Amino acid sequence: TTMVQPPLPLVTGGNKGKRERDARTLYCGNLRDSSGLAGFEDVDSHKVSAFFSGLLKQLPEYQAKYGTLPNPVKDVRLGDRKNFAFVEFWFEDLCATALEFNRCGFQGREIRVNRPAGFVEVPGMAKPMDVSMLKMSGVIPSGPPTATVAAVVDPARRAREMYLGNLPEGQMTAEAVH
């Protein structure tokens, strides 16, 4: 048995390396912010990684192609409050497959799995592996997203709005922003 090795880091010029990394990265939201909540486990990068790894490793296609890869997740970057994460996979097809895990249960919450904001799909991107066995067994949800998770954002509204972050708490007013 030959061991599958993660690829070596790409040394490229321009944005090619970033585009390749973006194609392997997902946003994972609605994680439990357990700070100060008794009885709830803290979310950490190892638990998020183990969640995705555990689901992917159940797939026969994953076993055939990557069976000896120790962990399909390359990196997990948690937000400050640990209620969202960016998850980077070793290969594009693993990332495409993990998109199918949207609305799965993780630590008592229905998580959102999607491409990060601003991601632009390009022709020739990897296709997801077959996850039908996980859907049939109820491990991952099948059917349309629930209304609470699938918020529709008006493209015109998105074009005229802007997120401002890292502003001093209690010191910003609407007048200061305008």
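Note that the structure is predicted; figures quoted are calculated from it, not measured.

Caption draft 1: Expanded view of the environment of alanine 85. Checked against the element boundaries, alanine 85 lands in strand β3 (residues 84-89). Residues alanine 85 and cysteine 28, spaced 57 residues apart in sequence, show a C-alpha to C-alpha distance of 5.1 Å. When residues no more than four places from it in sequence are discounted, the contact partners of alanine 85 are Leu26, Tyr27, Cys28, Leu31, Val76, Arg77 and Leu78.

Caption draft 2: Structural view of the environment of aspartate 130. For aspartate 130, the position within the fold is in the loop between β6 (112-114) and α5 (132-136). Each C-alpha atom of the pair aspartate 130 and proline 60 lies 8.6 Å from the other, and the pair is 70 residues apart in sequence. A polar atom in the side chain of aspartate 130 sits 2.9 Å from the side chain of serine 132.

Caption draft 3: Summary view of the sheet that holds strand β2 (residues 73-78). Pairing is antiparallel in the open sheet, where four strands are placed in the order β2-β3-β1-β6. The sheet terminates laterally at β2 and β6, the two strands that pair on one side only. Averaged over all pairs of adjacent strands, the angle between strand axes in this sheet comes to 20 degrees, irrespective of strand direction. Bridge count for strand β1 (residues 25-29) against β3 is five bridges, and the pairing is antiparallel. From the neighbouring strand, leucine 26 faces β3, where its bridge partner is valine 87. Across the sheet, helix α2 (residues 45-56) is in contact with β1, β2, β3 and β6; its angle to β2 comes to roughly 140 degrees.

Caption draft 4: Here's a closer look at the pattern of salt bridges. Summed over the entire model, instances satisfying the criterion amount to six salt bridges. As a salt-bridge pair, lysine 65 and aspartate 93 come within 2.9 Å of each other at their nearest N and O atoms. In this pair, lysine 65 sits in helix α3 (residues 60-66) while aspartate 93 sits in helix α4 (residues 92-98), placing the two residues 28 residues apart along the sequence. Assessed through its relative accessible area of 47%, lysine 65 is described here as partly exposed. For the salt bridge of lysine 135 with glutamate 100, the shortest nitrogen-to-oxygen distance reads 3.5 Å. Placement of the pair is lysine 135 in helix α5 and glutamate 100 in the loop between α4 and β4 (105-106), with a sequence separation of 35 residues.

Caption draft 5: Up close: unusual backbone geometry. Even without a glycine there, the phi angle at lysine 82 is positive, about 60 degrees. Turning to its location among the elements, lysine 82 is positioned in the loop between β2 and β3. Overall, lysine 82 belongs to the partly exposed group, its relative accessible area being 34%. Unlike most non-glycine residues, glutamine 107 shows phi in positive territory, near 50 degrees. Note that glutamine 107 resides in the loop between β4 and β5 (109-110). Overall, the relative accessible area of 24% leaves glutamine 107 in the partly exposed class.

Caption draft 6: Main features of the packing of aromatic side chains. Tallied over the entire structure, the rule returns nine aromatic pairs. Plain terms: the ring middles of tyrosine 27 and phenylalanine 84 are 6.1 Å apart, the flat faces sit at 25 degrees to each other, and that makes the pair stacked. With tyrosine 27 in strand β1 and phenylalanine 84 in strand β3, this residue pair connects regions lying 57 residues apart in the sequence. For tyrosine 27, a relative accessible area of 23% translates into the label partly exposed. Judged by centre distance (5.1 Å) and plane angle (65 degrees), the ring pair of phenylalanine 51 and phenylalanine 106 falls under edge-to-face. Note that phenylalanine 51 is positioned in helix α2 and phenylalanine 106 in strand β4, a separation of 55 residues in sequence. For the residue pair phenylalanine 51 and phenylalanine 106, the accessibility class agrees, reading buried in each case. Through pairs of rings, three or more aromatic residues link up here, namely Phe51, Phe52, Phe89, Phe101 and Phe106.

Criteria and cut-off values
- Residues numbered from 1 in each chain as written.
- Predicted model: local features only at pLDDT ≥ 70, side-chain atom pairs only at ≥ 80, totals over all residues.
- Heavy atoms only, no water.
- Helix = DSSP H or I, 4+ residues; strand = E, 2+ residues; numbered from the N terminus.
- Contact = heavy atoms within 4.5 Å.
- Polar contact = N/O pair within 3.5 Å; in protein donor to acceptor, adjacent residues only side chain to side chain.
- Pairing = 2+ DSSP bridges.
- Axes fitted to C-alpha atoms, helices over the stretch in contact; angles between N-to-C directions.
- Salt bridge = Lys/Arg side-chain N within 4 Å of Asp/Glu carboxyl O.
- Buried < 20%, exposed > 50% of the residue type's maximum accessible area, 1.4 Å probe, protein only.
- Phe/Tyr/Trp six-rings, centres within 6.5 Å; stacked < 30°, edge-to-face > 60°.

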